[in-house]
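As a plain string of letters, each chain reads:
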Amino acid sequence: MNIEQLLRAAEYLDRREREAEHGYASSLPMPEEYDSRKTKTSPPSKKSLGTRTTHNELEKLRRAQLRQYLENLKDMVPVGSDSSRHTTLGLLTKAKAYIKVC
């Protein structure tokens, strides 16, 4: 993962936060007759359970790798002593500011 990807991620998170503040990301509730959760479905097959387990494991690995990238970024960017725990958005914002200064 390079700095450009991290900057794009920071901008995406920033945009998403602004949209959520203004309610752009919200959707209208659907009437009950269109609610797909109310329809009866067959129980999941063994194949779909295996696929879901594989997906869950891959997602767990992706999140672990992303955490590691963020830890590496935290070591490279001076984050200050505001608090011992930083949010992802805060860290990416500080990294973006740090890159602009350099």
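In this text the structure is predicted, and so the values were computed from the model without any measurement.

Student: For this particular structure, what's the right way to read the confidence of the model for the protein chain?
Tutor: One rule of thumb: low pLDDT means the predicted coordinates there are not for detailed reading. This prediction gives the protein chain a mean pLDDT of 77; 69% of its residues lie at or above 70. Of all the helices and strands in the protein chain, helix 1 (residues 3-22) carries the lowest mean pLDDT, 77, while helix 3 (residues 88-101) carries the highest, 90.

Student: Would you take a moment to explain helix 3 for this structure?
Tutor: Think of an α-helix as 3.6 residues a turn; residues three or four steps apart then line up on the same face. Here helix 3 contains 14 residues, and its C-alpha end-to-end distance of 20 Å stays within 8% of the 20 Å for a straight helix at 1.5 Å per residue. Burial in helix 3 covers these residues: L89, L91, L92 and A95. Angular distribution of buried residues about the axis of helix 3 spans 165 degrees; they occupy a single face of the element. Along helix 3, the residues that are exposed and aim more than 90 degrees away from the buried face are K100 and V101.

Student: Help me understand the pattern of salt bridges, please; the structure alone is not making it clear to me.
Tutor: Pairing is possible between side chains of opposite charge, provided their charged atoms come close. One pass over the structure, following the stated rule, counts 5 salt bridges. We note a salt bridge from E11 to K96, for which the minimum N-O separation is 3.8 Å. Of this pair, E11 sits in helix 1 while K96 sits in helix 3, and the two are 85 residues apart along the sequence. By relative accessible area, K96 is classed as partly exposed at 23%. Measuring nitrogen to oxygen at the nearest pair gives 2.7 Å for the salt bridge that ties E59 to R62. Linking E59 with R62, this pair stays in helix 2 (residues 46-76), spanning 3 residues, or about one helical turn. By relative accessible area, which is 23% here, E59 ends up partly exposed. Take R62: its relative accessible area is 44%, and that puts it in the partly exposed class. By sharing partners, the salt bridges in this structure join E59, R62 and R63 into a single network.

Cut-offs and rules
Residues numbered from 1 in each chain as written. Predicted model: local features only at pLDDT ≥ 70, side-chain atom pairs only at ≥ 80, totals over all residues. Heavy atoms only, no water. pLDDT = per-residue confidence, 0-100. Helix = DSSP H or I, 4+ residues; strand = E, 2+ residues; numbered from the N terminus. Expected span 1.5 Å × (residues − 1). Buried < 20%, exposed > 50% of the residue type's maximum accessible area, 1.4 Å probe, protein only. Arc of directions from axis to C-beta. Salt bridge = Lys/Arg side-chain N within 4 Å of Asp/Glu carboxyl O.

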